[in-house]
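# Reading the structure
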Amino acid sequence: DGSTIDWLLSGDPAVRWQTMQSLADRAPSTVKRERSKVARQGWGARLLAEQGSDGRWGDGLYSPKWTSTTYTLLLLERLGLPDANRAAAEGTLLLVDAGLAEHGGITFWPSRPEGEACVTGMVLKLTSRFLPHHDARDRIVAHLTDRQLPDGGWNCQDVNGATHSSLHTTITVLEGLAAARRVGSDGCDRLMTAGNEFLFAHHLYRSHTTGEVISPAMTRFSFPPRWWFDVLRGLDYLQSIDAPHDPRLEDPIALLQRKRSKDGRWKLQNRHSGLTYFEMEKVGKPSRINTLRAGRVLRWWERVAPV
């Protein structure tokens, strides 16, 4: 409703531009102008200011969590930092140069020469956004093609014998593939179709054999999600690719609707422990970023629902 939209538009530029685009139907020029503020004001500007002279954040590539280069760039990407940002391109290039193996996977650890599927998906997303013309992107997609499991998803423990995919790894890879597809990588559609089916088969958060909730944590909405899967993250990915209606999503959509407070807002329900540069929102309090995400999910669901 109007009061909720006004509340969202009074928040950080990262919330404002996405609200204008997804919920308020503002003109593209207005959205672009507001989005440009992410690099100059609020959360985005504060994160960019933490970049070191060597181009890294937190003096590390993947750790410490969550102040390292990888996780800071992932958060900036979620906030909508403009694609052409030079600081983000510099940091992403460091990740590619340090982590890209000959086979196309990403690894920052000598003990994991085969590449880590979850981290590979993360770097694919960042490369697609901030280094869209780098040839690493298609090499990474080819590697993830080889790592896809028969059930359609991915699991970072596949190299240790895992044969059933992980929702955590699968959503991270799918987000990376979606970003790669938007900038022209071939082969993503087939991979994403199978990966989406893995999500649907689990109703996003249930065992495909027993129907039981896989983990209560998946029903608590966090931001940023880091590497964890939760229902809102899964639904927000599906709306971002404009996925068609699937009746198996009625269960998670109902869960999302039950989480809505009487004031029409959604709370920040969880925070993943670790180092942070600053607190964006308080756990247990109404969350602009979660309300924005939930609102655009429900808008998409209403549009794709069968008549």
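The text that follows walks through the structure, step by step, so that each part is easy to find. Chains are numbered independently. Their residues run from 1 in the order of the written sequence. Under the rules for a predicted model, residues below a pLDDT of 70 receive no local features and side-chain atom pairs below 80 are neither given nor counted, while totals for whole chains, interfaces and linings still include all residues. Water and hydrogen atoms were dropped before computing side-chain values, which therefore reflect all heavy atoms in the structure.

## Section: the environment of threonine 127
- With respect to the element layout, threonine 127 can be found in helix 7 (residues 117-130).
- C-alpha separation for the pair threonine 127 and alanine 180, spaced 53 residues apart in sequence, amounts to 8.2 Å.
- Contacts between residues were defined by any pair of non-hydrogen atoms, one from each residue, lying within 4.5 Å. Aside from chain neighbours lying at most four places away, what touches threonine 127 is Thr92, Val96, Pro132, His134 and Arg137. Labels follow the DSSP assignment, with helices taken as runs of H or I lasting at least four residues and strands as runs of E lasting at least two, numbered in each case from the N terminus.

## Structural notes on the packing of helix 2 (residues 13-22) against helix 13 (residues 288-304)
- Helix axes are fitted to C-alpha atoms over the stretch in contact, other axes to C-alpha atoms as well, and angles between N-to-C directions run from 0 to 180 degrees. Remark: helix 2 packs on helix 13, axes separated minimally by 10 Å, with the N-to-C direction vectors making an angle of 15 degrees. In this view, helix 2 runs roughly parallel relative to helix 13, as classed from their interaxial angle. By crossing handedness, the relation of helix 2 to helix 13 is classed as left-handed. Of the residues in helix 13, those touching helix 2 at Val15, Gln18, Thr19 and Ser22 are Arg288, Ile289, Leu292, Arg296 and Arg299.
- Note on residue categories: nonpolar means Ala, Val, Leu, Ile, Met, Phe, Trp, Tyr, Cys or Pro, charged means Asp, Glu, Lys or Arg, and polar means any other residue, Gly included. Partitioned by chemical class, the residues of the contact of helix 2 with helix 13 number three nonpolar, three polar and three charged. What sets the label is the angle itself: under 35 degrees gives roughly parallel, over 145 gives roughly antiparallel, 65 to 115 gives roughly perpendicular, and the rest give oblique. Handedness of a crossing is defined here by the sense of rotation of the near helix relative to the far one, left-handed for an anticlockwise turn of less than a right angle and right-handed for a clockwise turn.

## As for the side chain of serine 287
- Tracing the chain through its elements places serine 287 in the loop between helix 12 (250-258) and helix 13.
- A 3.5 Å cut-off defines polar contacts: any pair of N or O atoms within that distance qualifies, except that in protein one atom must be a possible hydrogen donor and the other a possible acceptor, and neighbouring residues in sequence count only when both atoms are side-chain atoms. There is a polar contact of 2.5 Å between the side chain of serine 287 and the side chain of glutamate 281.
- Residues in contact with serine 287, not counting those within four places in the same chain, are Trp7, Trp266, Lys267, Leu268 and Glu281.

## Some remarks on unusual backbone geometry
- Going from serine 63 to proline 64, the amide bond is cis rather than trans, its omega being 10 degrees.
- In this fold, proline 64 is placed in the loop between helix 4 (42-48) and helix 5 (69-79).
- In this structure, tryptophan 66 follows lysine 65 across a cis peptide bond, with omega equal to 20 degrees.
- Among the secondary structure elements, tryptophan 66 is positioned in the loop between helix 4 and helix 5.
- The residue arginine 226 is not glycine, and still its phi comes out positive at about 60 degrees.
- One can find arginine 226 in the loop between helix 10 (188-201) and helix 11 (231-240).

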